[in-house]
Amino acid sequence: MNFPLPVEYRRFLPRFYRLASVSVLSNLMVPLAGLCDTAFLGHLEDIRYLAGVILGSILFDYLYRVLKFIRSGTNTITAEAVGREDEEGILLAILRSGLIALIIAFTILILQYPIEK
């Protein structure tokens, strides 16, 4: 079955595919960086360097995904408040997300030294 697309979708799809491809490529960069580090350090004589880079890459990847999830949630809540024209909701969404970001940043700073050791 071949369904014809309306005109507005035909103009939308190339832009959508362009944005989707950039999003897919940006999501591949963090694991690829870890893979390149692993390939480079795999040739060293001591396995400790490789283990440290792999653990760091995994921790960074998880942190990146968690922060990306929080960003997406913030975008959703803010967009809903904008759609309702709720200025107080917009401000609360921004303040709530800012507070979460500060808590995560503070936690990272506190745990920086124990993670290093």
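Being a predicted model, the structure only gives us computed values, none of them experimental.

**Student:** What's the story with the domain arrangement of the chain in this structure? I'm lost.
**Tutor:** Many descriptions give the size of an interface as the accessible area lost when the pieces come together. In terms of domains, the chain is made up of domain 1 (1-43) and domain 2 (46-116). One C-alpha centre belongs to domain 1, the other to domain 2, and the line joining them spans 22 Å. Contacts between domain 1 and domain 2 engage 9 residues on the former and 10 residues on the latter. Contact between domain 1 and domain 2 buries roughly 730 Å² in total, counting both sides, with carbon and sulfur atoms accounting for 67%. If you look at where domain 1 meets domain 2, you find 0 salt bridges. If you look at where domain 1 meets domain 2, you find 0 residue pairs in polar contact (both at pLDDT 80 or more). Of the residues that constitute the side of domain 1 that touches domain 2, the class distribution is 3 nonpolar, 5 polar and 1 charged.

**Student:** I'm lost on the side chain of S97 in this one. Help?
**Tutor:** Position of S97 among the secondary structure elements: in helix α3 (residues 87-116). Within the local environment of S97, its side chain forms a polar contact with the backbone oxygen of A93, the two atoms lying 2.9 Å apart.

**Student:** Before we go on, may I ask you to explain the pattern of salt bridges in this structure?
**Tutor:** It is possible for side chains bearing opposite charge to pair when their charged atoms get close. Per the stated rule, a full pass over the model turns up 1 salt bridge. Where R84 meets D86, a salt bridge forms, and the shortest distance between an N and an O atom there is 3.8 Å. We classify R84 as exposed; its relative accessible area is 55%. Classification of D86 by relative accessible area gives partly exposed; the value is 28%.

**Student:** When you look at a nonpolar patch on the surface in this model, what are you seeing that I'm missing?
**Tutor:** A contiguous nonpolar surface patch, about 550 Å² in accessible area, is contributed by V24, L25, L28, M29, L32 and L35. On the secondary structure map, L32 appears in helix α1 (residues 7-41). Since its relative accessible area comes to 38%, L32 is described here as partly exposed.

**Student:** Would you explain α1 in this entry?
**Tutor:** Because each turn of an α-helix spans 3.6 residues, side chains separated by three or four positions in sequence point in the same direction. Taking 1.5 Å per residue as the helical rise, α1 with its 35 residues ought to reach 51 Å, and the 52 Å between its terminal C-alpha atoms agrees with that figure. Along its length, α1 shows its largest kink, about 35°, at M29, and proline P31 lies within four residues downstream of that point. All of the buried residues in α1 are V30, G34 and L41. Among the structural elements, α2 (47-83) are those in contact with the buried residues of α1.

**Student:** Just to check I follow, could you spell out the packing of α2 against α3 for this structure?
**Tutor:** What describes two packed helices is the angle between their axes and the distance between those same axes. At their nearest, the axes of α2 and α3 sit 8 Å apart, and the two run at 170° to each other. With respect to each other, α2 and α3 are oriented roughly antiparallel. Between α2, through L59, L63, L67, I70, T74, I77, T78, A81 and V82, and α3, the contact on the second element is made entirely by G89, I90, A93, R96, S97, I100, I104, I108 and I115. Taken together, the residues of the contact of α2 with α3 sort by class into 13 nonpolar, 4 polar and 1 charged.

What counts and how
Residues numbered from 1 in each chain as written. Predicted model: local features only at pLDDT ≥ 70, side-chain atom pairs only at ≥ 80, totals over all residues. Heavy atoms only, no water. Domains from an automatic or database assignment. Contact = heavy atoms within 4.5 Å. Buried area = accessible area lost by both parts, 1.4 Å probe. Salt bridge = Lys/Arg side-chain N within 4 Å of Asp/Glu carboxyl O. Polar contact = N/O pair within 3.5 Å; in protein donor to acceptor, adjacent residues only side chain to side chain. Nonpolar A, V, L, I, M, F, W, Y, C, P; charged D, E, K, R; others polar. Helix = DSSP H or I, 4+ residues; strand = E, 2+ residues; numbered from the N terminus. Buried < 20%, exposed > 50% of the residue type's maximum accessible area, 1.4 Å probe, protein only. Patch = residues over 30% accessible without salt bridge, like charges linked within 9 Å, V, L, I, M, F, W, Y side chains within 5 Å. Areas by Shrake-Rupley, 256 points an atom, 1.4 Å probe, with all protein chains shown as cover. Expected span 1.5 Å × (residues − 1). Bend = angle between axes of the 7 residues up to and from the residue. Axes fitted to C-alpha atoms, helices over the stretch in contact; angles between N-to-C directions. Parallel < 35°, antiparallel > 145°, perpendicular 65-115°, else oblique.

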